[in-house]
Amino acid sequence: RSPSDTVELRQFLPKDAKTLHKLIRSNKKRLTRSLSGFVQRTRTVSDVRLWIEASLQITSQAAIFGIWDGDNLVGSQTLLFQDEITGETISWVDKRFTGNDYAARGRALLIDFAFNVLGMRYLESNILGVNPASVRSVEKSGFIYDSGTSGLASFILRNPNLPPTR
């Protein structure tokens, strides 16, 4: 948590299953467009609890956090480990909380974790479809456009604390 912000990232715990399930259900249509497998695996509170328990054990593949503002779960930030120096960020925010920069605010904490705790060199963010709000959010976080294909735009952020590589 940043001392200048009310937003914090907390790793999901089994006790969060009901709250997360409610958030997934209320955003099902939006999430299905980009995270359909996740939506399919989390149909019930029990499914969500099992998903959380599994995510706690797969620490070599990803770090998954809830974006919390006080007691309110407003979204999720995921860091997928591509290798020991590169990760991919995935963010989503409940439609009721859009317009509050929660994705960018949570991503700032995730960037700090990836670069200053894990020592990663690069972070990527891939945006499906044409989503101007998502583009603005990753650019606000310092990512720059890297490449694009039909329906996917890729952005990259280099760790400013490390020297560039050749």
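Structure: above.
Just so you know, these numbers come straight off a predicted model, no measurement behind them.

Cut-offs applied
Residues numbered from 1 in each chain as written. Predicted model: local features only at pLDDT ≥ 70, side-chain atom pairs only at ≥ 80, totals over all residues. Heavy atoms only, no water. Axes fitted to C-alpha atoms, helices over the stretch in contact; angles between N-to-C directions. Helix = DSSP H or I, 4+ residues; strand = E, 2+ residues; numbered from the N terminus. Parallel < 35°, antiparallel > 145°, perpendicular 65-115°, else oblique. Left-handed = near helix turned anticlockwise from the far one by under 90°. Contact = heavy atoms within 4.5 Å. Nonpolar A, V, L, I, M, F, W, Y, C, P; charged D, E, K, R; others polar. Salt bridge = Lys/Arg side-chain N within 4 Å of Asp/Glu carboxyl O. Buried < 20%, exposed > 50% of the residue type's maximum accessible area, 1.4 Å probe, protein only. Lys, Arg positive; Asp, Glu negative; His and termini not counted. Arc of directions from axis to C-beta. Phe/Tyr/Trp six-rings, centres within 6.5 Å; stacked < 30°, edge-to-face > 60°. Lys NZ or Arg CZ within 6 Å of the ring centre and 35° of its normal. Core = buried A, V, L, I, M, F, W, Y, C linked by side-chain atoms within 4.5 Å.

A.B. asks: Can you lay out the packing of helix α1 (residues 17–26) against helix α3 (residues 45–57) for me, pointing to particular residues and giving the numbers?
C.D. replies: Direction vectors running N to C along α1 and α3 enclose 115°, while the axes themselves pass 8 Å from each other. The angle between the axes of α1 and α3 places the two elements in the roughly perpendicular class. By crossing handedness, the relation of α1 to α3 is classed as right-handed. The residues of α3 that touch α1, namely those facing Ala17, Lys18, Leu20, His21 and Ile24, are Val45, Val48, Arg49, Trp51 and Ile52. Tallied by class, residues from the contact of α1 with α3 come to 7 nonpolar, 1 polar and 2 charged.

A.B. asks: Which residues make up the packing of helix α4 (residues 102–117) against helix α5 (residues 132–140), and what are the values?
C.D. replies: Angle between the axes and distance between the axes: these two values describe a pair of packed helices. Contact geometry of α4 with α5 gives a least axis separation of 9 Å together with a crossing angle of 35°. Considering the relative orientation of α4 and α5, their crossing is right-handed. Every residue of α5 that contacts α4 at Ala103, Ala104 and Arg107 is listed here: Ser137, Val138 and Lys140.

A.B. asks: Give a detailed account of the pattern of salt bridges, specifying residues and quantitative values.
C.D. replies: One pass over the structure, following the stated rule, counts 4 salt bridges. For aspartate 5, the salt bridge goes to arginine 105, with nearest N and O atoms at 2.5 Å. Note that aspartate 5 is positioned in the segment before β1 (7–11) and arginine 105 in helix α4, a separation of 100 residues in sequence. Given a relative accessible area of 21%, aspartate 5 falls into the partly exposed group. Judged by its relative accessible area of 23%, arginine 105 is partly exposed. Across the pair aspartate 94 and arginine 96 runs a salt bridge, and its minimum N-O distance is 2.6 Å.

A.B. asks: Requested: an account of the side chain of aspartate 16, with residues and values cited.
C.D. replies: Looking at where aspartate 16 falls in the secondary structure, it is placed in the loop between β1 and α1. Summary of buried charges: aspartate 16 has no salt-bridge partner, and the nearest side chain of opposite charge, lysine 15, is 4.7 Å away. Not counting chain neighbours up to four residues away, the residues in contact with aspartate 16 comprise Gln11, Ile52 and Trp68.

A.B. asks: I'd like a description of α1, backed by residues and values.
C.D. replies: Residues Ala17, Leu20, His21, Leu23 and Ile24 constitute the buried set of α1. For α1, the buried positions fall inside an angular range of 165° around the axis, keeping them on one side. Summarising the geometry of α1, the exposed residues directed more than 90 degrees from the buried face are Lys18 and Lys22.

A.B. asks: An account of the packing of aromatic side chains is requested, with residue identities and associated values reported.
C.D. replies: Here a ring pair, both rings aromatic, is described through the centre-centre distance and the interplanar angle of the planes. Scanning the entire structure with this criterion turns up 4 aromatic pairs. We note arginine 10 situated over the ring of tryptophan 68; from NZ or CZ to the ring centre the distance is 4.0 Å.

A.B. asks: Tell me about the nonpolar core, and name the residues and values.
C.D. replies: Counting residues in each nonpolar core, the largest one holds 24 residues, and the members touching the most others are Leu79, Phe115, Leu123 and Phe143. The set of elements that each furnish at least two residues to this core consists of β1, β2 (62–69), β3 (72–81), α4, β5 (122–128) and β7 (152–158). Residue contributions to this core peak at 7 residues, all from α4. Filtering out sequence-adjacent residues up to four positions away, leucine 79 remains in contact with Gln61, Ala62, Ala63, Gly87, Glu88, Thr89, Leu110, Phe113, Ala114, Leu118, Met120 and Leu123. Of all hydrophobic cores here, the second largest spans 15 residues; its members include Ala17, Leu20, Leu23 and Trp68.

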